[in-house]
Amino acid sequence: MEIPNYGNVDFRAVLFDLNGTLGESGRVSEEVKHLLERLADRYTVVVLSADTFGTLEEEFKGLPVRIERVFSGIQKAEIAEGYKPYAAVGNGNNDVAMLEGAELAFCVIGPEGATVDALLASDIVVKDVKDAIAMLLDEKKLIATLRG
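All figures in this text were calculated on a predicted structure; none of them were measured in a lab.

Draft legend 1. The side chain of N91, seen in detail. Tracing the backbone through its elements, the reader meets N91 in the loop between β6 (86-90) and α4 (96-100). N91 gets classed as buried once you look at its relative accessible area, which sits at 7%. Engagement of the side chain of N91 in a polar contact is seen with the side chain of T21, the distance being 3.2 Å. The residues touching N91, leaving out its near neighbours within four places in the chain, are D17, N19, G20, T21, C107, V108, G113, A114, T115 and A118.

Draft legend 2. Spotlight on the nonpolar core. Formed by 36 residues in total, the largest nonpolar core has its most connected members in F16, L22, F60, L104 and F106. Listed in part, the 17 residues of the second largest apolar core include Y86, L99, A102 and A118.

Draft legend 3. Inspection of helix α1 (residues 30-40) at higher detail. Those residues of α1 that sit buried are V32, K33, L35, L36 and L39. On an axial view of α1, the arc spanned by its buried residues comes to 160°, and they lie on one face. Buried residues along α1 sit against β3 (13-17), β4 (44-49), α2 (56-60) and α6 (129-137).

Draft legend 4. How the structure looks around the environment of A144. Mapped onto the elements, A144 comes out in helix α7 (residues 139-146). The class of A144 is exposed, set by a relative accessible area of 56%. In the structure, A144 is positioned 140 residues away from P4 in sequence and 9.4 Å away in space, judged by C-alpha atoms.

Draft legend 5. Inspection of the pairing of β6 at higher detail. Counted residue by residue, β6 has five buried out of five residues, so it is predominantly covered. On β6, burial covers both faces: Y86, A88 and G90 on one face and A87 and V89 on the other are all buried. Across four bridges, the pairing between β3 and β6 is parallel. Following the sheet pairing, L15 is matched in β6 by A88. Bridge analysis of β6 against strand β7 (residues 104-108) gives four bridges, and the strand direction is parallel. Within β7, the position partnered with A88 by the bridge is A105.

Draft legend 6. Spotlight on the pattern of salt bridges. Taken as a whole and judged by the stated rule, the model has 12 salt bridges. Where K84 meets E81, a salt bridge forms, and the shortest distance between an N and an O atom there is 4.0 Å. On the accessibility criterion, K84 (34% relative accessible area) is partly exposed. E81 sits in the partly exposed class, given a relative accessible area of 44%. Between K127 and D131 there is a salt bridge; the shortest N-O distance is 4.0 Å.

Reading the values: the criteria
- Residues numbered from 1 in each chain as written.
- Predicted model: local features only at pLDDT ≥ 70, side-chain atom pairs only at ≥ 80, totals over all residues.
- Heavy atoms only, no water.
- Helix = DSSP H or I, 4+ residues; strand = E, 2+ residues; numbered from the N terminus.
- Buried < 20%, exposed > 50% of the residue type's maximum accessible area, 1.4 Å probe, protein only.
- Polar contact = N/O pair within 3.5 Å; in protein donor to acceptor, adjacent residues only side chain to side chain.
- Contact = heavy atoms within 4.5 Å.
- Core = buried A, V, L, I, M, F, W, Y, C linked by side-chain atoms within 4.5 Å.
- Arc of directions from axis to C-beta.
- Pairing = 2+ DSSP bridges.
- Salt bridge = Lys/Arg side-chain N within 4 Å of Asp/Glu carboxyl O.

Purely geometric numbers; function is a separate question.
Right, dumping it as structure tokens:
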């Protein structure tokens, strides 16, 4: 999509961090799961997580979402490269390289907070992952935020 005075933004996949981004303490709300299903109609949706709480497979079972276990920010960035061009949504230090490599990067400052480095690596900052997904589902919202 062309964004006036910003440039062209094109991606085929949307990559998410799990903890602090898609969910809290390893759990994802039913509302967010429904939004991910809608997003998967347009893009390849991928969750990259170290699975700190051991819920990764359970939370996304039956959803049209790819899950990738990662053990470091470097590994997360390496896997992300395979999905280029992509949009990324994260909040932590292990998301920074993934955010930096994205065509479009969102930082979620939710209940678990966000790191300054993740914030600085992002194009858009939101208070809830639902806001990021809503923008990805409605390009006019993206244009309104990013246009120069």
